[in-house]
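Structural description and commentary
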Amino acid sequence: MLAVIGGSGLAGLGQMNVIRREIARTPFGEPSGPLTFGEMNDVPMLFIARHGPGHIHAPHRINYRANVWALKQAGATDVLAVAAVGGIADNTGPGVIAVPDQIIDYTYGREHTFCDGSDRNVVHVDFTRPYSDELRDAIGRAAALVSEPVVAAGVYGATQGPRLETAAEIARIARDGATLVGMTGMPEAALARELTLRYAHLCVVSNWAAGCGNSINMISHENIDSTLDASIGRVQRIIAALALVYKDRP
Ligand code: HPA
């Protein structure tokens, strides 16, 4: 089953027929909010808002383990994670939708593994290619179905937040090779891998990252909000098309 984790600006799936909502319990505490079970284009689908109802959880306070565990427990096999990001590379300006293929993790102090209890053996999961190429390809096909251009690769730099970065931090992250920067991509992606979920990011660039483009001196929150508002309909169309791609899968 396909699950969608909604990020900033995506509190629900407009085209989903909602069947029921459920508060999940996990060994790692409570997820950000209820799981919404439903269907889109006759394909069963699951949704959770990463920041919770009313956007109450800051990026460093999200219970990523509970969210990912709850999705797995509810039967998810594939996770499309929608996330607002800053753009660093020339081809990732505001309004761009991108499907990165790599991650660099700059976060700290987050519960980042399921393998830290005495009752679970440590597993060093392979994370060479952090995203599912199968799911990335499916997103690419879905975007093409609805004629939405997407940047089909990129490197997601995951920062701690909740503050935005300094220009020097972005310059360093850019030298490292990141083309996008966001606060929620990790440990979510690694936790999904630990539970053998296929996981991919659908990133919506809401602003130029600090020191880039028109964010040379500061980042405007009004611009972030208006860009997200303008882009979220496109994200919803891609997700609805993804349901069709899943429907046609053998
Ligand atoms: N930096 C980090 N996270 C973000 C940004 C940014 O510029 N924009 C949206 N999420």
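Note: the structure precedes this text.
Below, the structure is looked at part by part.

Some words on the site of the ligand
The immediate surroundings of the ligand are formed by Ala84, Val85, Gly86, Leu164, Glu165, Val181, Gly182, Met183, Ser206 and Asn207. Note that a nitrogen atom of the ligand is positioned 3.3 Å from one of the backbone N or O atoms of Gly86. In this structure, Glu165 approaches the ligand through a side-chain N or O atom, which is 2.8 Å from a nitrogen atom. In the complex, the protein chains occlude 92% of the 260 Å² of accessible area that the ligand would expose alone. Of the pockets mapped on this structure, the ligand occupies the largest pocket. Elements with a contribution of two residues or more to the shell around the ligand: strand E5 (78-87), strand E9 (180-182) and strand E10 (198-208). Tallying contributions element by element places E5 first for the shell around the ligand, with three residues. Along the lines of polarity and charge, the residues of the shell around the ligand split into five nonpolar, four polar and one charged.

Focus on the layout of surface pockets
Quantified by volume, the largest pocket comes out at close to 570 Å³. Around the largest pocket, the lining is made up of 29 residues, and of these Ser8, Ala84, Leu164, Met183 and Ile224 lie nearest the centre. Broken down by secondary-structure element, the contributors of at least two residues to the lining of the largest pocket are E5, E9, E10 and helix H5 (221-247). Sort the elements by how many residues they give to the lining of the largest pocket and H5 lands first, with six residues. The residue makeup of the lining of the largest pocket, split by class, is 13 nonpolar, eleven polar and five charged.

Some points on the packing of aromatic side chains
Ring pairs (aromatic) are described by centroid distance and by the angle formed between their planes. Taken as a whole, this structure holds four aromatic pairs when the rule is applied. Between the aromatic rings of Phe28 and Trp69, the centroid separation amounts to 5.1 Å while the plane-to-plane angle is 65°, which identifies the pairing as edge-to-face. Highlighted residues: Phe28 in the loop between strand E2 (17-22) and strand E3 (35-40) and Trp69 in helix H1 (residues 64-73), separated in sequence by 41 residues. Judged by its relative accessible area of 18%, Phe28 is buried. On the basis of an interplanar angle of 10° and a centroid distance of 6.2 Å, the ring pair of Tyr131 and Tyr199 is categorised as stacked. Pair noted here: Tyr131 is in the loop between strand E7 (102-105) and helix H2 (133-145) and Tyr199 is in strand E10, with a separation of 68 residues, a long-range link. Each of the two residues, Tyr131 as well as Tyr199, counts as buried. In this structure an aromatic cluster arises from ring pairing among Phe28, Trp69 and Phe114. The ring of Phe37 has Arg20 sitting right over it, with the charged end atom 3.9 Å from the ring centre.

Looking at the pattern of salt bridges
In this structure the tally under the stated criterion is eleven salt bridges. Close ionic contact of Arg50 with Glu188 constitutes a salt bridge, the shortest N to O distance being 2.8 Å. Of the two residues, Arg50 sits in the loop between strand E4 (43-49) and H1 while Glu188 sits in helix H4 (residues 188-194), which places them 138 residues apart along the sequence. For Glu188, a relative accessible area of 0% corresponds to the buried category. Beyond isolated ion pairs, a larger network of salt bridges with shared partners links Asp78, Arg198 and Arg249.

Things to note about H5
Three or four residues apart is the spacing at which side chains of an α-helix point the same way, because the helix has 3.6 residues per turn. When the terminal C-alpha atoms of H5 are compared, their 38 Å separation across 27 residues agrees well with the 39 Å that a helix rising 1.5 Å per residue should span. Of the residues flanking the start of H5, the one acting as N-cap is Ser220, its side-chain oxygen 3.4 Å from the backbone nitrogen of Glu222.

Let's talk about the packing of H2 against H5
Viewed as axis vectors pointing N to C, H2 and H5 meet at an angle of 115°, and their least axial separation amounts to 8 Å. In terms of their interaxial angle, H2 and H5 are classed as roughly perpendicular. Considering the relative orientation of H2 and H5, their crossing is right-handed. Residue-level inspection shows Leu135, Ala138, Ile139, Arg141, Ala142, Ala143 and Leu145 of H2 in contact with H5, the latter providing Ile238, Ala241, Leu242, Val245 and Tyr246. Looking at the contact of H2 with H5 residue by residue, the classes come out as eleven nonpolar, no polar and one charged.

Reading the values: rules and limits
- Residues numbered from 1 in each chain as written.
- Predicted model: local features only at pLDDT ≥ 70, side-chain atom pairs only at ≥ 80, totals over all residues.
- Heavy atoms only, no water.
- Near = heavy atom within 4 Å.
- Polar contact = N/O pair within 3.5 Å; in protein donor to acceptor, adjacent residues only side chain to side chain.
- Areas by Shrake-Rupley, 256 points an atom, 1.4 Å probe, with all protein chains shown as cover.
- 1 Å grid on protein atoms, 1.4 Å probe; cavity = no way out; pocket = protein on both sides within 12 Å on 5 of 7 lines; lining within 4 Å.
- Sits in = over half its atoms within 2 Å of the grid points.
- Helix = DSSP H or I, 4+ residues; strand = E, 2+ residues; numbered from the N terminus.
- Nonpolar A, V, L, I, M, F, W, Y, C, P; charged D, E, K, R; others polar.
- Points joined across faces, edges and corners; volume = space filled by probe spheres on them.
- Phe/Tyr/Trp six-rings, centres within 6.5 Å; stacked < 30°, edge-to-face > 60°.
- Buried < 20%, exposed > 50% of the residue type's maximum accessible area, 1.4 Å probe, protein only.
- Lys NZ or Arg CZ within 6 Å of the ring centre and 35° of its normal.
- Salt bridge = Lys/Arg side-chain N within 4 Å of Asp/Glu carboxyl O.
- Expected span 1.5 Å × (residues − 1).
- Axes fitted to C-alpha atoms, helices over the stretch in contact; angles between N-to-C directions.
- Parallel < 35°, antiparallel > 145°, perpendicular 65-115°, else oblique.
- Left-handed = near helix turned anticlockwise from the far one by under 90°.
- Contact = heavy atoms within 4.5 Å.

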